[in-house]
Amino acid sequence: MGCMCSSSSGIPGKNCGTIILTAEELGNCRDCVTMQFCANKLDKKDFFGRSDPFMVFYRSNEDGTFTICHKTEVVKNTLNPIWQPFTIPVRALCNGDYDRSIKVEVYDWDRDGSHDFIGEFTTSYRDLSRSQSQFNVYEVVNPKKKLKKRRYINSGTVTLLAFSVEAEHTFLDYIKAGTQIHFTVAIDFTASNGNPSQSTSLHYMNPYQMNAYAMALKAVGEIIQDYDSDKMFPALGFGAKLPPDGRVSHEFPLNGNVDNPYCNGMEGILDAYHQSLKTVQLYGPTNFAPVITHVARYAEAVQDGSQYFVLLIITDGVISDMAQTKEAIVNAAKLPMSIIIVGVGQAEFDAMVELDGDDVRISSRGKLAERDIVQFVPFRDYMDRTGNHVLSMARLAKDVLAEIPDQLILYMKSRGIKPNQSPPDYSPPGLSPTPTI
């Protein structure tokens, strides 16, 4: 247990109080426990009705103090509530010490926040783990009532209805067990990027310095390629007119090979990107849905946990097919797939922030996305004041890839897939050797 004390001085010359930070090293326990409780004959606290009970769980600390680690929901107007099951890491409950005290308080909820104390009991993880036996009915006791009333027995009882433990798997557990990360790149070739032959263009081919598209590609790709066994990546473009007939495409291979859009490593992608700039005509509109649907087709074909698909879209941010893109993302959220969007240039990225879904989960036609699968970062946050790309590209890659592990784990958990259940490598029909999306 470590303790640190700091004085707060918001007003010059005046001590505004003390903040005490207490810390304890986390144990190496990676189990999660799911429990469900009910209560019987709790004390009536509301004058006109019954009670609105909820429970608060506290972990005991090494110094004897207690820290809140979970609150149940409120069950309205009952003295015999059944609370919903909840899942909590064993670390949070007792830091892996099975005999450490766990205190549970029961309250009657009040709208004004002055919740009435009904009573409390103590237990331990070891006692709870004895499942549904006589050890799992707890008397809820109000100490003040016990002192005052000689015949006081309790203020009701709480019963543990269900208890189950599951190991908390990490991203690396799945990777070690054989899950392949498949990486696809999609680059915005719309006219709003500017003529690639001019220095003002976001696609400008400067012989001495990589442009923002190339830098974003390199920064993200060099990290993600390490999770990919064969280093063969499909690279797509969208929003350009293609030779020889000038047709507009929102899903074309950068290497010009429709049958085999795979590029060899990051260098292969960068070469194909530079070659495309010389042959296609930047056009429009900026449609995301086709490339999202393209990768989703592959992800839909293999949902057993052996493969996970990541689509990197690099764009100047002026999106044209917002409704279709939202629908494509909502559909993709059910699949083993994540989408990274890097915004380059100085445009307003409001649409990209909306697609990110961190604040408000994305929806389409009234249907909410099952998971948040989109991560957006603006490239300009990684430039210095003069516009040079000198800030750490490692930081860009870190921020871009930050949500991928949790998104993968959430997909696996929602499908009940454990790391050791991952089947062998998947080979898409008609493609050899095993390609990587």
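All values reported here derive from a predicted model rather than from experimental measurement.

**So, the sheet that holds strand β8 (residues 116–124)**
Spatially, β5-β4-β7-β8 is the arrangement adopted by the 4 strands of the open sheet, whose pairing is antiparallel. Edge strands, defined here as strands with exactly one partner in the open sheet, are β5 (66–71) and β8. The sheet shows a mean angle of 30 degrees between the axes of neighbouring strands, direction not considered.

**Description of the pairing of β5**
Pairing of strand β4 (residues 53–60) with β5 involves 5 bridges; the strand directions are antiparallel. Bridge pairing in β5 links Y58 to I68. Between β4 and β5, which pair antiparallel and follow one another directly, the connecting turn spans 5 residues, one of which, G64, has a positive phi of 90 degrees.

**Some thoughts on the side chain of E105**
With respect to the helices and strands, the residue E105 is situated in strand β7 (residues 101–108). According to the relative accessible area criterion, E105 is buried, its value standing at 8%. Every residue in contact with E105, bar those within four places of it in the chain, is listed here: F54, M55, V56, Y58, F117, G119 and E120.

**Structural notes on a nonpolar patch on the surface**
A cluster of nonpolar side chains, contributed by L172, I223 and Y227, occupies part of the molecular surface with about 240 Å² of accessible area. Position of I223 among the secondary structure elements: in helix α5 (residues 212–224).

**Concerning the nonpolar core**
Nonpolar side chains tend to gather and get buried jointly when the protein is soluble and globular. Core analysis: the largest hydrophobic core is formed by 53 residues, its most contacted members being F183, F189, L217, V342, F379 and L396. Per-element accounting of this core gives the leading share, 9 residues, to α5. Residues contacting L396, with those up to four places away along its chain left out, are A216, A219, V377, F379 and Y382. The next biggest cluster of nonpolar side chains, apart from the first, holds 33 residues, and it includes A296, I319, I329 and I339.

**Some details on unusual backbone geometry**
In this chain, P243 is followed by P244 through a cis amide linkage whose omega measures 5 degrees. When you line up the elements, P244 lands in the loop between β13 (240–242) and β14 (247–249). Even without being glycine, K41 reaches a positive phi, approximately 55 degrees. The residue K41 is located in the loop between β3 (31–40) and β4 in this model. The phi dihedral of K231 falls on the positive side, at around 60 degrees, and the residue is not glycine. Position of K231 relative to the elements: it lies in the loop between α5 and β12 (232–238).

**What about the confidence of the model for the chain?**
In low-pLDDT segments, the atomic positions of the prediction should not be examined closely. Here the chain shows a mean pLDDT of 86. Residues at 70 or above account for 87%. Throughout residues 428–437 the model reports pLDDT below 50, and contacts reaching past four residues in sequence, or to other chains, amount to 26 contacts.

**Some remarks on the packing of α5 against helix α10 (residues 393–401)**
α10 packs onto α5 with a crossing angle of 65 degrees between their chain directions and a minimal axis gap of 9 Å. Relative to α10, α5 is oriented roughly perpendicular. Between α5 and α10 the crossing geometry is right-handed. Judged by residue contacts, M215, A216, A219, V220, I223 and I224 of α5 engage M393, L396, A397, V400 and L401 from α10. In terms of residue class, the contact of α5 with α10 is built from 11 nonpolar, no polar and no charged.

Criteria and cut-off values
- Residues numbered from 1 in each chain as written.
- Predicted model: local features only at pLDDT ≥ 70, side-chain atom pairs only at ≥ 80, totals over all residues.
- Heavy atoms only, no water.
- Pairing = 2+ DSSP bridges.
- Helix = DSSP H or I, 4+ residues; strand = E, 2+ residues; numbered from the N terminus.
- Axes fitted to C-alpha atoms, helices over the stretch in contact; angles between N-to-C directions.
- Buried < 20%, exposed > 50% of the residue type's maximum accessible area, 1.4 Å probe, protein only.
- Contact = heavy atoms within 4.5 Å.
- Patch = residues over 30% accessible without salt bridge, like charges linked within 9 Å, V, L, I, M, F, W, Y side chains within 5 Å.
- Areas by Shrake-Rupley, 256 points an atom, 1.4 Å probe, with all protein chains shown as cover.
- Salt bridge = Lys/Arg side-chain N within 4 Å of Asp/Glu carboxyl O.
- Core = buried A, V, L, I, M, F, W, Y, C linked by side-chain atoms within 4.5 Å.
- pLDDT = per-residue confidence, 0-100.
- Parallel < 35°, antiparallel > 145°, perpendicular 65-115°, else oblique.
- Left-handed = near helix turned anticlockwise from the far one by under 90°.
- Nonpolar A, V, L, I, M, F, W, Y, C, P; charged D, E, K, R; others polar.

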